[in-house]
Amino acid sequence: SSGSPHLPPTSMGVPSWALDPYVLLNSAVCLSYAIVRFYISENSQLFKADPMGFTREMQVLVMLAVSSYTKYRRSNSIPEFLPTLYLHCKIGILVCSYVADGRLAGWYAVIFLGLSQIKSVDHM
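Rules used in this analysis
- By convention here, each chain's residues receive numbers from 1 onward along its written sequence.
- Where local features are concerned, this predicted model is filtered to residues with pLDDT of at least 70; where side-chain atom pairs are given and counted, the filter is 80 or more; whole-chain, interface and lining totals use all residues.
- Computation of side-chain values: all heavy atoms of the structure, hydrogens and water removed.
- Numbering of helices and strands runs from the N terminus; a helix is a DSSP stretch of H or I covering at least four residues, while a strand is a stretch of E covering at least two.
- Two residues form a contact once any of their heavy atoms are found within 4.5 Å.
- Accessibility throughout is a Shrake-Rupley quantity obtained with a 1.4 Å probe, and a residue counts as covered only by protein chains that appear here.
- Each reported salt bridge corresponds to a side-chain nitrogen of Lys or Arg within 4 Å of a carboxyl oxygen of Asp or Glu.
- Accessible area is worked out with a 1.4 Å probe on protein chains only. A residue is then buried under 20% of its type maximum, exposed over 50%, and partly exposed in between.
- Side-chain rings of Phe, Tyr and Trp, where Trp is taken by its six-membered ring, are said to pair if the distance between their centres is within 6.5 Å; with planes under 30 degrees apart they count as stacked, over 60 as edge-to-face, and otherwise as tilted.
- pLDDT expresses, on a scale from 0 to 100, how confident the predictor is about each individual residue.

Visitor: Let's hear about the overall build of the chain: which residues, and what values?
Guide: What the chain contains, in helices and strands, is four helices and zero strands. Overall, the chain shows an N-to-C arrangement of helices and strands of α-α-α-α. Partitioning the intrachain contacts of the chain with sequence separation of at least 6 by distance along the chain shows that 55% fall at a separation of at least 24. For the chain, the accessible surface area stands at approximately 8,300 Å², while carbon and sulfur atoms represent 65% of it.

And the structure:
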């Protein structure tokens, strides 16, 4: 059987933590940036490249990916790592959306404050 001994899979074989509202909502918000970014003006500072060819968005995402990977290596399990990943994702979205448009960053900040009221399951 797949999964950790402390986290029994659901009847469909999906780990129970993956169907937790905390995981589903935070994942949806983090993935929403992939859609929202297509509505950001191409003239935004977010997409302007530096002399080496890296955009601000690429710089933020690479730094957060490296930081997240470091935290992942120190985690004992995926459920233990997810809150850190979501925090890094939210910081990246706030920074990128602030560089693109302050109003967009404001909306994301409101959404993130609302999500902070949702608690994760006990084993997370």
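Visitor: Help me get a handle on the pattern of salt bridges, residues and values and all.
Guide: One pass over the structure, following the stated rule, counts two salt bridges. Two residues, Glu57 and Arg37, come together in a salt bridge whose shortest N-O distance is 2.6 Å. Taken together, the residues span a long stretch of sequence, with Glu57 in helix 2 (residues 56-74) and Arg37 in the loop between helix 1 (21-36) and helix 2 at a distance of 20 residues. Classification of Glu57 by relative accessible area gives buried; the value is 6%. The class of Arg37 is partly exposed, set by a relative accessible area of 23%. The salt bridge partner of Arg103 is Asp101, with a shortest N-O separation of 3.4 Å.

Visitor: Mind laying out the packing of aromatic side chains, listing which residues take part and the relevant values?
Guide: Considering all chains together, one arrives at three aromatic pairs under this definition. Residues Tyr22 and Tyr86 carry aromatic rings whose centres are separated by 5.8 Å and whose planes lie at 75 degrees to one another, so their mutual orientation is edge-to-face. Here Tyr22 is found in helix 1, whereas its partner Tyr86 is found in helix 3 (residues 78-100), with 64 residues between them in sequence. Exposure class is identical for Tyr22 and Tyr86. Each is buried.

Visitor: I'd like to hear about the side chain of Thr55, residue by residue, with values.
Guide: Tracing the sequence through the fold places Thr55 in the loop between helix 1 and helix 2. If sequence neighbours within four positions are ignored, Thr55 has contacts with Leu46, Phe47, Lys48 and Ala49.

Visitor: Lay out the confidence of the model for the chain with the relevant residues and their values.
Guide: Summary statistics for the chain give a mean pLDDT of 81 and a share of 84% for residues scoring 70 or more. Note that residues 1-5 has pLDDT below 50 and, in this model, three contacts with residues that lie over four places away or in other chains.

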